[in-house]
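Coordinates in review
Read off the chains here:
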Amino acid sequence: LGTPPPPPNPMDLPPNIRRTMGAVHTGLLRGVWDEGQEGADEDILASDDVVKGVSASMGQTEGPVCLVTKEGDLQKVQKGDIVVTYSCSASFNVVIGLCSGICTDYGGMLSHAAIVAREYGIPAVVGSQHATKKFTDGDVVRIDSSTGKVTRVSRKA
């Protein structure tokens, strides 16, 4: 049959298809969300208080960060915390019911974090790439799934 054609350039696709490809291929197509606007995410990348990712489960919430970087950190999660982590696995299922929101560095619409957040009806932003570096335990953050942004409201005292 020959060599398959190359995939289309995402910027040549209609906006709705471009957003879908961005949600599914978060790590591969970084920059899709800005829909071709030069430098649209530069303010977010430069800010220590905001990360942007894919809205995996709709809603808005605000609460203290519980940074989970290893499985032992799951014991720190308290009711109302926003879990910030690299990615979720099945071991997170025991604490998801306590969370008021989830933010991950990696993942897309079909990641474990996204699916579980939708099942529990809690806001989630996945594929943020920098959340575990920007936020620390005790920071108060706001997840706004309508924009895909997680914003620090206040630093840990």
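Sequence order sets the numbering: in each chain, residues are counted from 1 along the sequence as written. Under the rules for a predicted model, residues below a pLDDT of 70 receive no local features and side-chain atom pairs below 80 are neither given nor counted, while totals for whole chains, interfaces and linings still include all residues. To obtain the side-chain values, all non-hydrogen atoms of the structure were used and water was disregarded.

What about the overall build of the chain?
Operational definition: Elements are defined by DSSP. Helices are runs of H or I of four residues or more, strands are runs of E of two residues or more, and each kind is numbered from the N terminus. Each residue's exposure class comes from its accessible area (1.4 Å probe, protein chains only) as a fraction of the maximum for that residue type: buried when under 20%, exposed when over 50%, partly exposed otherwise. Whether two residues are in contact is decided by their heavy atoms, any of which lying within 4.5 Å being enough. In these tables, accessible area is a Shrake-Rupley quantity obtained with a 1.4 Å probe, and a residue counts as shielded only by the protein chains included in the view.
If you tally the helices and strands in the chain, you get five helices and eight strands. Looking at the chain as a whole, 45% of its 157 residues are labelled buried. Sequence separation of 24 or more characterises 46% of the internal contacts of the chain that already satisfy a separation of 6 or more. Split by element, the accessible area of the chain, about 8,300 Å² in all, is 56% carbon and sulfur.

Comments concerning unusual backbone geometry
In this structure, Q129 takes a positive phi of about 70° despite not being glycine. By secondary structure assignment, the location of Q129 is in the loop between β6 (124-126) and α5 (131-134). For Q129, a relative accessible area of 22% gives the class partly exposed.

A look at the pattern of salt bridges
Short version of the rule: Each salt bridge in this description consists of a side-chain nitrogen of Lys or Arg and a carboxyl oxygen of Asp or Glu lying within 4 Å of one another.
Going through the model one piece at a time under the given rule, you end up with six salt bridges. Here K76 and D137 are joined by a salt bridge, their closest N and O atoms 2.7 Å apart. In this pair, K76 is assigned in the loop between β3 (60-68) and β4 (82-85) and D137 in the loop between α5 and β7 (140-144), connecting sequence segments 61 residues apart. Accessibility expressed as a relative area gives 33% for K76, which makes it partly exposed. A residue is classified by how much of its surface remains accessible, and D137, at 27% relative accessible area, is partly exposed.

Notes on helix α4 (residues 112-120)
Every α-helix carries 3.6 residues per turn, so stepping three or four residues along brings you back to the same face. Turning to α4, its buried residues are A113, A114, V116 and A117. Contacts made by the buried residues of α4 are with β2 (54-57), α3 (93-96), β5 (101-104) and β6. Of the residues trailing α4, G121 is marked for its positive phi of about 70°.

Thoughts on the nonpolar core
What tends to happen in soluble globular proteins is that the nonpolar side chains get buried as a cluster. So the rule is basically this: In plain words, nonpolar cores are sets of buried Ala, Val, Leu, Ile, Met, Phe, Trp, Tyr and Cys residues tied together by side-chain atoms within 4.5 Å.
In terms of nonpolar packing, the biggest core is built from 20 residues, with V68, V77, V83, F92, I96, I102 and I122 touching the most fellow members. At the level of secondary structure, the elements contributing two or more residues to this core comprise β2, β3, α3, α4 and β6. Looking at this core, the element that brings in the most residues is α4, giving four residues. The residues contacting I102, other than those within four sequence positions of it, are I82, V83, C88, I96, A113, A117, I122, P123, A124, V125 and I143. The next biggest cluster of nonpolar side chains, apart from the first, holds twelve residues, and it includes V51, V65, C103 and V150.

Side note on the pairing of β7
Heads up, the condition is: DSSP-based pairing: two strands are paired if at least 2 bridges between them are found.
With five bridges joining them, β3 and β7 adopt antiparallel strand pairing. Within β7, the residue paired with G63 across the bridge is V141. Taken together, the five bridges between β7 and strand β8 (residues 149-154) define a ladder with antiparallel strand orientation. Paired with R142 across the two strands is T151, which belongs to β8.

Section: the pairing of β5
In plain terms, the rule: Seen with the strands pointing away from the viewer, any crossover whose path from the first strand over the helix to the second strand runs clockwise is right-handed.
Residues of β5 alternate between two faces, with G101 and C103 on one and I102 and T104 on the opposite face, all of them buried. By the bridge criterion, four bridges tie β4 to β5 in an arrangement that is parallel. Considered in β5, the bridge of T85 is made with T104. Looking at chain direction, β5 and β6 are connected through two bridges and run parallel. Counterpart to C103 in the pairing with β6 is V125. For the crossover from β5 across α4 to β6, the handedness is right-handed.

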